[in-house]
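Spelled out from the first residue to the last, the chains are:
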Amino acid sequence: MAELSGKRVVVGVTGGVAAYKAAELVRLLVKAGALVDVALTQSGGRFVGAPTFQALSGRPVWTDLWDARPDNGMAHIDLTRGAAACVIAPATADFIAKLAHGFADDLLSTLCLARDCPLLVAPAMNRQMWEKPATQRNVAQLRSDGIAILGPASGEQACGEEGLGRMLEAADIFEELVGSLQPKRLAGRRVLLTAGPTFEAIDPVRGITNPSSGRMGFALARAFRDAGAAVTLVAGPVELAAPRGVRRVDAVSAEEMRAAVLDALPGQHIFVGVAAVADYRPAGAAAHKIKKSAAPLTLQLEPTRDILAEVAARADAPFCVGFAAESRDLAAYARRKLEEKKLRLVVGNLIQDGLGGETNAVTLFDAAGEHPLPLGDKLNVARDIVSHIADMIDPCTV
Ligand code: CTP
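Quick caveat, the model's predicted, so the values are computed rather than measured.

(A) Quick look at the overall build of the protein. A count of helical and extended segments in the protein gives 14 helices and 21 strands. When the backbone C-alpha atoms are referred to their principal axes, the protein occupies close to 80 × 50 × 35 Å. For the protein, buried positions account for 49% of its 398 residues. Total accessible area on the protein is roughly 18,900 Å²; 52% of this is exposed by carbon and sulfur atoms. Here the protein contributes 43 positive and 45 negative side-chain charges, whose respective centroids are spaced 2 Å apart.

Spelled out as structure tokens, the structure:
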């Protein structure tokens, strides 16, 4: 099912050049199944016209407090009633100032004041405008009023200057919005995860690794964050950006990953080993590049330490979850890992197409039995796993 189906979202567009990104945001929201109502300020309409938003949302666009279309003439009230969220993108310095002071002199500012749904604001302005004490005061006020501030990002600005003030990309705003709508079932919990492969050096230019993409671990980090947890992600060598708000620690070898995990472990409530940690590493990496010769080369391998088993064996162990990617006999191997490593949950999947795919078909194994999850993309599977963990944790304390 599409992520936002059945949900209505109000997108407010104020007068900044980043309004062009709002068009893409509307498209992403519609694609995810949301009903999107766009409210455009007068200056927003100078950058991107109402017909663009109307075509993308497939719904009328709202621009005027005196719009006679609603029967009761109260678009400023009706628009947010029943809406899942209202997001202002772009939000100019002027509009942020209006919000901070509760002004209501046009449709968008009035509906923000009259709203009964969460409000998210994506600032977009020149870096000097962003840095000014007045803007910072206003933003701090919005935060303390419970309004989510998304970004801004840093980088090249439309005016040619570089700095903080660029609006987040549409995909990032979309991600934040979807995340904000997830139930905060793990609020106050701290979660530590490992993700990706490890790389075990043979010599300075070669090593042993595996094709784990890290995507399942990163998706889980995001799903835990969206569920309200404080997340630390120990990542092996992968080309992925950590979800916003997640603390990332990079590690290369199994031994570095273990050290990073043990360092971050105190105070964690949940530990999830998603990484495909190398089980063996070369016994003593060569200090210099191994030169080619006609003779066969034998590599001596030694076992690495099992991070998950070590964490789960501690007297003060957090709630421990492991992954079992198997090429056969999934249930038997997953159960064995559950028992031998003393885990609360094992996420098992049968590898048919190798590691690193986009989707994942997984079965959860715990003391209560087997729970197959519906096939989905890694983020949806991650959300299901997080919700199962929250079910297990709810009645007890970890
Ligand atoms: N794991 C770990 N440290 C290791 C090896 C594995 O933390 N050195 C964790 C993985 O992150 C995963 C779980 O243990 O959550 C199972 O990993 P997997 O490689 O499937 O199993 P192994 O225990 O290594 O057993 P085998 O390779 O024989 O299947």
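After presenting the structure, the write-up continues.
(B) Spatial organisation of the domain arrangement of the protein. Taken as a whole, the protein is organised into domain 1 (8-180) and domain 2 (190-393). Taking only C-alpha atoms, the centre of domain 1 and the centre of domain 2 are 39 Å apart. On the domain 2 side, the residues contacting the 6 residues of domain 1 number 6 residues. Here domain 1 and domain 2 share an interface that buries about 520 Å² over both sides, 40% of which is from carbon and sulfur atoms. Ranking the residues of domain 1 by area buried against domain 2 places E175, E176 and G179 at the top, with a combined share of 70%. Put simply, domain 1 and domain 2 have 3 salt bridges between them. Among the ionic pairs, R222 bridges to E175, the shortest N-O distance being 3.6 Å. Remark: the boundary between domain 1 and domain 2 carries 2 residue pairs in polar contact (both at pLDDT 80 or more). For the side of domain 1 that touches domain 2, the residue count by class is 2 nonpolar, 2 polar and 2 charged.

(C) Quick look at the packing of helix α1 (residues 19-31) against helix α9 (residues 170-180). Taken N-terminus to C-terminus, the directions of α1 and α9 make an angle of 45°; their axes are 8 Å apart at the nearest point. Relative to α9, the element α1 lies oblique. Handedness of the crossing formed by α1 with α9: right-handed. Of the residues in α9, those in contact with K21, E24, L25, L28 and L29 of α1 are A170, A171, I173, F174 and L177. Here the contact of α1 with α9 is composed, by residue class, of 8 nonpolar, no polar and 2 charged.

(D) Fine view of the packing of aromatic side chains. According to the stated counting rule, one finds 0 aromatic pairs in the structure shown. R69 extends its terminal NZ or CZ atom over the ring of W62, reaching a point 4.2 Å from the ring centre.

(E) Representation of unusual backbone geometry within the structure. In the segment running from A89 into P90, the intervening peptide bond is cis, with an omega of 0°. Among the structural elements, P90 can be located in strand β3 (residues 85-91). Residue P152 follows G151 across a cis peptide bond; omega there is 5°. Assignment of secondary structure puts P152 in the loop between β5 (148-149) and β6 (153-156). Positive phi, normally seen in glycine, also occurs at D329, with a value near 45°. Assignment of secondary structure puts D329 in the loop between β16 (319-326) and α13 (330-340). Positive phi is not limited to glycine here, since K342 has a value of about 55°.

(F) Spotlight on the packing of helix α5 (residues 93-101) against helix α8 (residues 133-144). Following both chains from N to C, one finds α5 and α8 inclined at 50°, their axes separated by 9 Å at the closest point. By the criterion of interaxial angle, the relationship of α5 to α8 is oblique. Seen from above, α5 lies across α8 with left-handed handedness. For the pair α5 and α8, contact is made by A93, I96, A97, L99, A100 and H101 and by T135, N138, V139, Q141 and L142, respectively. Looking at the contact of α5 with α8 residue by residue, the classes come out as 7 nonpolar, 4 polar and no charged.

(G) Geometry of the nonpolar core. In terms of nonpolar packing, the biggest core is built from 38 residues, with L193, L220, F224, I270, V272, I385 and I389 touching the most fellow members. The set of elements that each furnish at least two residues to this core consists of β8 (190-195), α10 (215-226), β11 (230-235), β13 (270-273), β16, β17 (345-350) and α14 (378-393). Considering each element in turn, this core owes the most residues, 9 residues, to α14. The contacts of F224, once residues within four sequence positions are left out, are L186, V191, L193, A229, V231, I270, V272, V386 and I389. Judged by nonpolar contacts, the second largest core, of 34 residues, contains A18, V36, L40 and L168.

(H) Quick peek at the site of the ligand. In the region of the ligand, 16 residues are neighbours, and G273, A275, D279, F323 and K341 sit closest. Contact distances for the ligand include 3.0 Å between a nitrogen atom and a backbone N or O atom of I307. With respect to the ligand, the backbone of F323 contributes an N or O atom lying 2.8 Å from an oxygen atom. Here the ligand, which alone exposes 570 Å², has 76% of that area covered by the protein. Sorting the residues of the shell around the ligand by element identifies α12 (307-312) and β16 as the ones contributing at least two each. For the shell around the ligand, the leading source of residues is β16, giving 3 residues. Classifying every residue of the shell around the ligand by side-chain character gives 7 nonpolar, 3 polar and 6 charged.

Cut-offs used in this document
- Residues numbered from 1 in each chain as written.
- Predicted model: local features only at pLDDT ≥ 70, side-chain atom pairs only at ≥ 80, totals over all residues.
- Heavy atoms only, no water.
- Helix = DSSP H or I, 4+ residues; strand = E, 2+ residues; numbered from the N terminus.
- Buried < 20%, exposed > 50% of the residue type's maximum accessible area, 1.4 Å probe, protein only.
- Areas by Shrake-Rupley, 256 points an atom, 1.4 Å probe, with all protein chains shown as cover.
- Lys, Arg positive; Asp, Glu negative; His and termini not counted.
- Charge placed at Lys NZ, Arg CZ, Asp CG, Glu CD.
- Domains from an automatic or database assignment.
- Contact = heavy atoms within 4.5 Å.
- Buried area = accessible area lost by both parts, 1.4 Å probe.
- Salt bridge = Lys/Arg side-chain N within 4 Å of Asp/Glu carboxyl O.
- Polar contact = N/O pair within 3.5 Å; in protein donor to acceptor, adjacent residues only side chain to side chain.
- Nonpolar A, V, L, I, M, F, W, Y, C, P; charged D, E, K, R; others polar.
- Axes fitted to C-alpha atoms, helices over the stretch in contact; angles between N-to-C directions.
- Parallel < 35°, antiparallel > 145°, perpendicular 65-115°, else oblique.
- Left-handed = near helix turned anticlockwise from the far one by under 90°.
- Phe/Tyr/Trp six-rings, centres within 6.5 Å; stacked < 30°, edge-to-face > 60°.
- Lys NZ or Arg CZ within 6 Å of the ring centre and 35° of its normal.
- Core = buried A, V, L, I, M, F, W, Y, C linked by side-chain atoms within 4.5 Å.
- Near = heavy atom within 4 Å.

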